[in-house]
Amino acid sequence: MRRFLINQAKGLVDHSRRQHHKSPSFLSPQSRPLASLSRFFSSTSEMSASDSTSSLPVTLDSINPKVLKCEYAVRGEIVNIAQKLQEDLKANKDAYPFDEIIYCNIGNPQSLGQLPIRFFREVLALCDHASLLDESETHGLFSTDSIDRAWKILDQIPGRATGAYSHSQGIKGLRDVIAAGIEARDGFPADPNDIFLTDGASPAVHMMMQLLLSSKKDGILCPIPQYPLYSASIALHGGSLVPYYLDEATGWGLEISDLKKQLEEARSKGIAVRALVVINPGNPTGQVLAEDNQRDIVNFCKQEGLVLLADEVYQENVYVPDKKFHSFKKVARSLGYGEKDISLVSFQSVSKGYYGECGKRGGYMEVTGFTSDVREQIYKMASVNLCSNISGQILASLVMSPPKPGDDSYDSYMAERDGILSSMAKRAKTLEDGLNSLEGVTCNRAEGAMYLFPRINLPQKAIEAAEAEKTAPDAFYCKRLLNATGVVVVPGSGFGQAPGTWHFRCTILPQEDKIPAIVNRLTEFHKSFMDEFRD
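In the nomenclature of an unreviewed UniProt entry, the protein corresponds to alanine transaminase from the organism Arabidopsis lyrata subsp. lyrata. Recorded in UniProt for the protein, the comment headed Sequence similarities (unreviewed entry) runs: "Belongs to the class-I pyridoxal-phosphate-dependent aminotransferase family. Alanine aminotransferase subfamily."

Spelled out as structure tokens, the structure:
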């Protein structure tokens, strides 16, 4: 049995060394009718019609209306269409003018060929198969620092059982490591008791919305464009989204004057604005805030008595030399604001950065500036979910405490990390340049995160054609793009945008050798589209 486990572990390590993705091949990008897709929607409609006469107790009229109001464009209609096309291609590779679907709709790096960081996966493997640590062969398969780290982690887990529940905030020893990592990053103390480990950052966002919102009279200042998690969670928890618009003309800048205007307008309507959401680096917009802008934001929250919800999951993803990530906690502490001065919640995830461990569902929130009685209520909400998954907890600690100089894995780890980040920067620049070369398309500089959010100036005939199909013009464009190329992007209308403007979000995550082909197909499609609908 032990030999079997050793062989399994060896297979896991060997797998992490292999490149197993293939290059795409696109056929003609010209659009054609989606006959099989129409059949899919026809069957859906027929089913819905029969459902209307059903005697089952749950109907759209009887479910929570907040669920009906909630939308999440990143996995919305266009992705559903793409999945149906993918099924058709499995059955008939010649069904459409492309041979694969390229999912540029979501920040899911490993699904597009990115390999996991070897050190992280070695530690996870050893923690989950602890008996391997007693085998002499293990030292020939795993780095010495991954073995040492696995022992340290297992010593923090009662019974060394990664399949057991943990403390509801997460394993204390792992929170100690994360707090030390935050302190090393910011230069200010961090308390492990402020750390709540969660299944990715999303549950942490939901937890804070549930804490802060009790009715439509409670509002959250949220950027537009925004990551739809925020609009969805605000809708689900019954609050009001108070929008503030990022300025596309200034590189998606955040203007304090606009924040004040939106805050005052909401308060004049009787809305108690509870918090301000800031996403830095930006999603979907890819900007990195300047430190002086962050100081203004912190001072604004302090003056107005707002909780600052800082989405910092892309903190490792900065691609331009003139910008640097600064955590909002560091900025607040450097201004002299302590625990009793400002309420701040910072979100981090193992899904982004250079690690891209989306499926492992790991993350945390650091909660500071709340009274002890409110903290007890936050802990109560965490305890309702028992705990986050242990693999995600382990990964969160590894992300905040990777190999250091002198460690056995340090050189290979740095090569992997730097290789991924430098490749992302190249991909972002190639896509940015390609998009800016298209007629009527403008795309701001890709400073960070994993996305571009180009503006598309659509011909009036295209807008009218979209209206005839009762769909948003940018969604109309994105559907046509999918039909012609198999490339999946998300309409800007799913993120919010200034009235009268149209955008789409595209990830930079397809592997580097695929990017030129994607740009070529985008270029060919866009030219054909503009020629078809030219005014």
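A closer look at the sheet that holds strand β10 (residues 451-452)
With respect to topology, three strands assemble into an open sheet ordered β10-β14-β13, the strand pairing being antiparallel. Of all the strands in the sheet, just β10 and β13 (490-491) have a single pairing partner and so form its edges. Judged from the two bridges that link them, β10 and strand β14 (residues 504-507) form a sheet pairing that is antiparallel. Opposite Leu-452, over in β14, you have Cys-506 as the bridge partner.

A closer look at the pattern of salt bridges
Counting across every chain of the model gives 24 salt bridges. Between Arg-121 and Glu-357 there is a salt bridge; the shortest N-O distance is 2.9 Å. Note that Arg-121 is positioned in helix α5 (residues 118-128) and Glu-357 in the loop between β7 (344-349) and β8 (363-368), a separation of 236 residues in sequence. Glu-357 matches Arg-121 in its accessibility class, with the two residues each being buried.

Quick word on the packing of helix α18 (residues 473-485) against helix α19 (residues 515-533)
Packing of α18 against α19 leaves a shortest axis separation of 10 Å and a crossing angle of 125°. Judged by the angle between their axes, α18 and α19 are oblique. Judged by the twist between their axes, the crossing of α18 over α19 is right-handed. When α18 is examined against α19, the residues Phe-476, Tyr-477, Arg-480, Leu-481, Ala-484 and Thr-485 are found in contact with a partner set consisting of Arg-521, Leu-522, Phe-525, His-526, Phe-529, Glu-532 and Phe-533. Among the residues making up the contact of α18 with α19, the classes are represented as eight nonpolar, two polar and three charged.

Some details on the confidence of the model for the protein
For the protein, per-residue confidence averages 86 on the pLDDT scale, and residues scoring 70 or more make up 89% of the total. Per-element averaging of pLDDT across the protein places helix α2 (residues 35-51) at the bottom with 38 and helix α13 (residues 328-334) at the top with 97. Confidence drops under pLDDT 50 across residues 1-50; counting only partners more than four residues distant or on other chains, this segment forms 77 contacts.

A look at the state of the cysteines
The tally for this structure, following the rule as stated, stands at zero disulfides. Not engaged in a disulfide, the cysteine Cys-506 finds its nearest cysteine sulfur in Cys-104; these two sulfurs lie 4.3 Å apart. On the accessibility criterion, Cys-506 (2% relative accessible area) is buried.

Looking at the packing of aromatic side chains
Under the counting rule described, the total for this entry stands at 15 aromatic pairs. On the basis of an interplanar angle of 65° and a centroid distance of 6.0 Å, the ring pair of Tyr-354 and Tyr-413 is categorised as edge-to-face. Taken as a pair, Tyr-354 in the loop between β7 and β8 and Tyr-413 in helix α16 (residues 410-436) lie far apart in primary sequence, 59 residues in all. The pair Tyr-354 / Tyr-413 is uniform in exposure class, with both members buried. Relative to Phe-529, the ring of Tyr-477 lies with its centre 4.9 Å away and its plane at 75°, an arrangement referred to as edge-to-face. Of the two residues, Tyr-477 sits in helix α18 while Phe-529 sits in helix α19, which places them 52 residues apart along the sequence. Exposure remark for Tyr-477: the relative accessible area of 1% places this residue in the buried category.

Brief notes about the environment of Ala-475
Within the secondary structure, Ala-475 is located in helix α18. For the pair Ala-475 and Gly-494, spaced 19 residues apart in the sequence, the C-alpha separation amounts to 8.8 Å. In this structure Ala-475 touches Ile-78 and Pro-491, once residues within four positions along its chain are discounted.

Conventions adopted
Residues numbered from 1 in each chain as written. Predicted model: local features only at pLDDT ≥ 70, side-chain atom pairs only at ≥ 80, totals over all residues. Heavy atoms only, no water. UniProt positions renumbered as here; feature names shortened; annotations may be inferred. Pairing = 2+ DSSP bridges. Helix = DSSP H or I, 4+ residues; strand = E, 2+ residues; numbered from the N terminus. Salt bridge = Lys/Arg side-chain N within 4 Å of Asp/Glu carboxyl O. Buried < 20%, exposed > 50% of the residue type's maximum accessible area, 1.4 Å probe, protein only. Axes fitted to C-alpha atoms, helices over the stretch in contact; angles between N-to-C directions. Parallel < 35°, antiparallel > 145°, perpendicular 65-115°, else oblique. Left-handed = near helix turned anticlockwise from the far one by under 90°. Contact = heavy atoms within 4.5 Å. Nonpolar A, V, L, I, M, F, W, Y, C, P; charged D, E, K, R; others polar. pLDDT = per-residue confidence, 0-100. Disulfide = S-S within 2.5 Å. Phe/Tyr/Trp six-rings, centres within 6.5 Å; stacked < 30°, edge-to-face > 60°.

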